[in-house]
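Here is what each chain is made of, one letter per residue.
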Amino acid sequence: QVQLVESGGGLVQPGGSLRLSCAASGFTFSMYPMGWYRQAPGKERELVTTISSGGNTYYTDSVKGRFTASRDNVKNTVALQMNSVKPEDTAVYYCHTQRSGVNYWGKGTLVTVSS
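Residues numbered from 1 in each chain as written. Predicted model: local features only at pLDDT ≥ 70, side-chain atom pairs only at ≥ 80, totals over all residues. Heavy atoms only, no water.

Asks: Explain the pattern of salt bridges residue by residue, including any values.
Replies: Applying the stated criterion across every chain, the model contains 4 salt bridges. A salt bridge links glutamate 46 to arginine 38; the nearest nitrogen and oxygen atoms lie 2.7 Å apart. For glutamate 46, a relative accessible area of 34% puts it in the partly exposed group. In this structure, the salt-bridge partner of lysine 64 is aspartate 61, at a minimum N-O distance of 3.0 Å. A residue is classified by how much of its surface remains accessible, and aspartate 61, at 61% relative accessible area, is exposed. (Salt bridge = Lys/Arg side-chain N within 4 Å of Asp/Glu carboxyl O. Buried < 20%, exposed > 50% of the residue type's maximum accessible area, 1.4 Å probe, protein only.)

Following this line, the structure appears as C-alpha cells:
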C-alpha cells in the first residue's frame, strides 16, 4: 500500500532554514507527481508546492524564492528546502500524492518558526 513518511520538522528561528523529507513506498514513485501541503493552526490545509515526475515545480506565491522542492526517483524521496522562513510558515507539513483519483497523505511533520 502507499505510504508517505515525512521527517525533518522542528523549531527554527525566523530567517533560518529547514529541510523536510518524505519517503515514499508502495507505488512506482517515479511515475507520479508529488506535493507538499501545510496546515496552520485554525486554518485550512493549503498547497505549498508540487513537483512533477520529471521535476517540474509549482510554488504558491507566499513561498516563491524561499522554498525549493526536489525529488530523487532512485531513493523514492521528495524534499522541501525551506529558507528564509517566517513565523507564518508555522504549520504541519504533509507529503501528498494521488493515484487513480485517490489522495494519499503522510501523517505530517510540524514546523514551528519562532524566536
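Asks: Describe the packing of aromatic side chains, and please don't skip the residues or the numbers.
Replies: If you walk through the whole model with that rule in mind, you get 4 aromatic pairs. Considering the side-chain rings of phenylalanine 27 and phenylalanine 29, the 6.2 Å spacing of their centres and the 50 degrees angle between planes classify their relative orientation as tilted. Note on tyrosine 94 and tryptophan 105: the rings are 6.4 Å apart at their centroids and 85 degrees apart in plane angle, and the pair reads as edge-to-face. With tyrosine 94 in strand β9 (residues 91-99) and tryptophan 105 in strand β10 (residues 102-105), the pair connects residues that are 11 residues apart, well separated along the chain. Of the residues examined, tyrosine 94 reaches a relative accessible area of 12% and is grouped as buried. Judged by relative accessible area, tryptophan 105 falls into the partly exposed class, the value being 36%. The aromatic ring of tyrosine 94 is capped on one face by arginine 45, whose charged end is 3.7 Å from the ring centroid. Geometry around tryptophan 105 places arginine 45 over its ring, the cationic atom sitting 4.5 Å from the centre. (Phe/Tyr/Trp six-rings, centres within 6.5 Å; stacked < 30°, edge-to-face > 60°. Helix = DSSP H or I, 4+ residues; strand = E, 2+ residues; numbered from the N terminus. Lys NZ or Arg CZ within 6 Å of the ring centre and 35° of its normal.)

Asks: Summarise the state of the cysteines; cite the residues concerned and give the values.
Replies: Disulfides are covalent bonds that link the sulfur atoms of two cysteine residues. The tally for this structure, following the rule as stated, stands at 1 disulfide. Covalently, cysteine 22 is tied to cysteine 95 through a disulfide, its sulfur atoms 2.1 Å apart. Here the S-S torsion is close to -85 degrees, and the disulfide linking cysteine 22 with cysteine 95 is therefore left-handed. Taken together, the residues span a long stretch of sequence, with cysteine 22 in strand β3 (residues 18-25) and cysteine 95 in strand β9 at a distance of 73 residues. The same class applies to cysteine 22 and to cysteine 95, which are both buried. (Disulfide = S-S within 2.5 Å.)

Asks: Provide a residue-level description of the environment of valine 85, including the pertinent values.
Replies: With respect to the helices and strands, the residue valine 85 is situated in the loop between β8 (77-82) and β9. Its relative accessible area of 2% is what places valine 85 among the buried residues. Along the primary structure valine 85 and tryptophan 36 are separated by 49 residues, whereas in three dimensions their C-alpha atoms are 16 Å apart. If we ignore the near neighbours within four places in the chain, the residues touching valine 85 are Val12, Gln13, Pro14, Gly15, Gly16, Arg66, Phe67 and Val113. (Contact = heavy atoms within 4.5 Å.)

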